[in-house]
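Inside the fold
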Amino acid sequence: MNESLETLQQEVLERIHHCNSETEIEEVRVETLGRGGRLTSMLRGLKDLPAEERPRAGEQLNRLRKLFEERIEDRFRQIKEQARAKTLKDEWIDITLPGTRWERGRIHPLTLVMDEIIDVFWGMGFEIARGPDIEDDYHNFEALNIPQDHPARDMQDTFFVSNGMLLRTHTSPVQIRTMESRKPPLQIIVPGAVYRHDDDATHSPMFHQVEGFMVDRHITFADLKGVLTHVLQQIFSQDTGVRFRPSFFPFTEPSAEIDIQCLICGGKGTILEGQTCRVCKATGWLEILGAGMIDPEVFRFVGYDPEKFSGFAFGMGVERIAMLKYGIDDIRLFFQNDLRFLRQFG
Ligand code: FA5
């Protein structure tokens with residue numbers, strides 16, 4: 001017994017000493033002190049010993065149990081401490097380092113201007129309507145009185161998709177879609193993206209328009225002038241020069257183009273040291289709007305009686321307005337996502 005106790009003590013202490021994880025130490029504990037453990041079995045065997053040997057053997061076995069329990073607990077604590085020290089070392093954080101600065105996003109200048117335009121019209125009681133960016137030929141051209149092979153189609157270089165579908169070249173098709181499904185009186189604006197095969201300092205292949213139209217009995221060109229003058233004076237300032245020029249659109253008669261005095265060169269046509277103004281191309285004016293009285297032909301397409309109803313419509317270029325408002329001389333800046341540019345707004 002003495003010898004086997006000594007061997008047991010040696011073996012178990014050795015194993016405890018070499019344990020490197022909580023799992024390993026738990027294994028040793030179960031194998032030694034658990035229900036079927038080696039020491040537990042020996043304790044159970046006490047009853048089979050001759051009565052005179054029992055007290056001494058019992059004392060030795062209990063001493064061993066106490067020793068094992070203490071050592072297991074010590075080793076367990078050591079392993080935990082080592083693990084904690086390793087975590088602290090591996091996950092060390094220098095709390096004196098400056099934190100990461102999260103930059104606050106800003107609203108894109110075009111969104112700012114778009115929201116401002118919408119606000120002005122909203123204040124005048126206009127509703128907002130939307131339509132698809134991928135349009136059919138009928139709504140983008142035909143119903144706007146631009147038949148196949150009509151030279152007016154050349155006014156807007158079109159991106160065709162397939163099967164007669166195209167990227168809408170203007171927001172005017174939403175006039176048709178709205179009038180097809182609703183009856184006058186109507187007072188609507190249509191903000192949205194439009195697409196044309198155009199690309200230079202004042203033309204972008206994707207740009208934004210706000211379409212607007214008002215249809216009722218007795219709407220006149222004076223209403224058109226009144227609404228647009230008020231809107232432009234709200235967006236710019238009361239003293240900004242606005243001019244209406246006769247023009248042509250197949251879907252309005254009479255038609256006008258509306259220019260605003262170039263705010264980049266102050267209407268002079270030249271900037272610093274006599275350099276030609278790139279934005280207004282030395283004219284002192286920049287076209288921002290097309291407008292007119294809705295052509296009776298368009299009313300016929302949507303089933304309105306042109307004898308009863310009249311209306312005006314307009315389409316304004318949002319980028320052009322933003323360029324004038326913020327003094328930007330190249331439309332492409334809006335789409336380059338250069339943070340140095342975008343940080344200046346909002
Ligand atoms: C039209 O698109 C007509 N649908 C507007 C209209 C609506 C007239 C209702 C009558 C009644 P226009 O092609 O002129 O018209 O374009 C309107 C405005 O969009 C222009 O005044 C200009 O400000 C802007 N624009 C046109 N092409 C571009 C372009 N490539 N990039 C940026 N802005 C543009």
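Residues numbered from 1 in each chain as written. Predicted model: local features only at pLDDT ≥ 70, side-chain atom pairs only at ≥ 80, totals over all residues. Heavy atoms only, no water.

1. Things to note about the domain arrangement of the protein chain
Under the domain assignment used here, the protein chain contains domain 1 (2-90) and domain 2 (109-342). Centre-to-centre separation of domain 1 and domain 2, based on C-alpha positions: 89 Å. (Domains from an automatic or database assignment.)

2. Describing the packing of aromatic side chains
If you walk through the whole model with that rule in mind, you get eleven aromatic pairs. Here F299 and Y304 contribute two aromatic rings whose centre-to-centre distance is 5.7 Å and whose plane-to-plane angle is 35 degrees, an arrangement assigned as tilted. The residues F299 and Y304 share a single accessibility class, namely buried. Aromatic side chains F334 and F335 sit 6.3 Å apart centroid to centroid with 70 degrees between the ring planes, which places their arrangement in the edge-to-face category. Note on F334: relative accessible area 1%, which makes it buried. (Phe/Tyr/Trp six-rings, centres within 6.5 Å; stacked < 30°, edge-to-face > 60°. Buried < 20%, exposed > 50% of the residue type's maximum accessible area, 1.4 Å probe, protein only.)

3. Considering the site of the ligand
The local shell around the ligand holds 26 residues, among which H170, S172, R196, S204 and E287 are the closest. Taking Q209, its side chain carries an N or O atom lying 3.0 Å from an oxygen atom of the ligand. Here the ligand has 680 Å² of accessible area as a free molecule, and 96% of this is covered by the chains. When residues of the shell around the ligand are traced back to their parent elements, those giving at least two are β5 (206-216), β10 (285-294) and β11 (310-317). Of all the elements, β10 adds the most residues to the shell around the ligand, at five residues. (Near = heavy atom within 4 Å. Polar contact = N/O pair within 3.5 Å; in protein donor to acceptor, adjacent residues only side chain to side chain. Areas by Shrake-Rupley, 256 points an atom, 1.4 Å probe, with all protein chains shown as cover. Helix = DSSP H or I, 4+ residues; strand = E, 2+ residues; numbered from the N terminus.)

4. So, the sheet that holds strand β7 (residues 252-261)
The strand order across the open sheet formed by seven strands is β1-β4-β5-β11-β10-β7-β6, and the pairing between neighbours is mixed. Sheet topology places β1 (127-128) and β6 (242-249) at the edges, where each strand pairs with a single neighbour. Two elements, β6 and β7, share seven bridges in a ladder whose sense is antiparallel. For V242, the partnering residue across the bridge sits in β7 and is I260. Sitting on the sheet, helix α7 (residues 173-181) is in contact with β4 (186-195), β5, β10 and β11, with an inclination near 40 degrees to β5. (Pairing = 2+ DSSP bridges. Contact = heavy atoms within 4.5 Å. Axes fitted to C-alpha atoms, helices over the stretch in contact; angles between N-to-C directions.)

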